[in-house]
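# What the coordinates show
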Amino acid sequence: MRPPLVLASASPRRLELLARIGVAPDRVLPAEIDETPGKAELPRLLAARLAAEKARAVAAQAPGALVLAADTVVGVGRRILGKPADAAEARRFLALLSGRRHHVYTGVALVTPDGTLRQRLGDTILAFQRLTEAQIAAHLASGEWQGVAGGYQIQKSAEAWVRYLGGSHSNVVGLPLFETAQLLRGVGWLRP
């Protein structure tokens, strides 16, 4: 009998993505951790670290379960763009992303009932068109920037700005499905 699967995330996007591969968690238990980047921490390392910390924190509350956690970080070079605190910060993020390539990293972590941690990292490269002031203002007015890394959601209106995408689209939404399925298959929870 397979152990119950706990999703350590309150993200409705992650639940929707999991449903696409036939995965319905038995329980959703969001992790409460400090997500502050370490001094000089790189975006890809931050995504991996936060996913692991979330998985471990929830595993401590759900003994005997398989715990799946993820964390998405937008990186422009060494700079980390998390969830903007307000519209002014979202505007700065969009101005920085305008006409440039950036990375979206999603760390995925799985803690097994015996405490083993398994991890994968999704890395997608995107390039936005040059954004006009009108596009930025409309995006800010829409509220789509709230609560998401980098201040945009690719599955919404920002997708019209993407002139290049290399890698996983689901990773940019918040959960790389290939990497997630590989982790779940690796522990026998997900069958082909």
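These notes cover the structure that comes with them. (Residues numbered from 1 in each chain as written. Predicted model: local features only at pLDDT ≥ 70, side-chain atom pairs only at ≥ 80, totals over all residues. Heavy atoms only, no water.)

## A look at the pairing of strand 5 (residues 101-111)
- By the criterion of burial, strand 5 is predominantly enclosed, with nine of the eleven residues buried.
- As judged from the nine bridges shared by strand 3 (residues 66-76) and strand 5, these two strands associate in the antiparallel manner. Bridging from a neighbouring strand, T72 pairs with T106 of strand 5.
- Sheet topology note: the strand 5/strand 6 (residues 117-128) ladder contains eleven bridges and is antiparallel. Opposite T106, over in strand 6, you have G122 as the bridge partner.
- Following strand 5, the chain reverses through five residues before pairing antiparallel with strand 6; G115 in that reversal takes a positive phi of roughly 90 degrees. (Buried < 20%, exposed > 50% of the residue type's maximum accessible area, 1.4 Å probe, protein only. Helix = DSSP H or I, 4+ residues; strand = E, 2+ residues; numbered from the N terminus. Pairing = 2+ DSSP bridges.)

## Brief notes about the layout of surface pockets
- Its boundaries defined by the atoms lining it, the largest pocket holds a volume of some 590 Å³.
- Forming the boundary of the largest pocket are 33 residues, of which E35, D71, T72, K83 and A149 lie nearest the centre.
- Listing elements by their share of the lining of the largest pocket, those giving two or more residues are helix 1 (12-20), helix 2 (43-59), strand 3, strand 4 (79-81) and helix 5 (169-173).
- When residues in the lining of the largest pocket are grouped by element, the largest group, five residues, is from strand 3.
- Taken together, the residues that form the lining of the largest pocket break down as 19 nonpolar, eight polar and six charged. (1 Å grid on protein atoms, 1.4 Å probe; cavity = no way out; pocket = protein on both sides within 12 Å on 5 of 7 lines; lining within 4 Å. Points joined across faces, edges and corners; volume = space filled by probe spheres on them. Nonpolar A, V, L, I, M, F, W, Y, C, P; charged D, E, K, R; others polar.)

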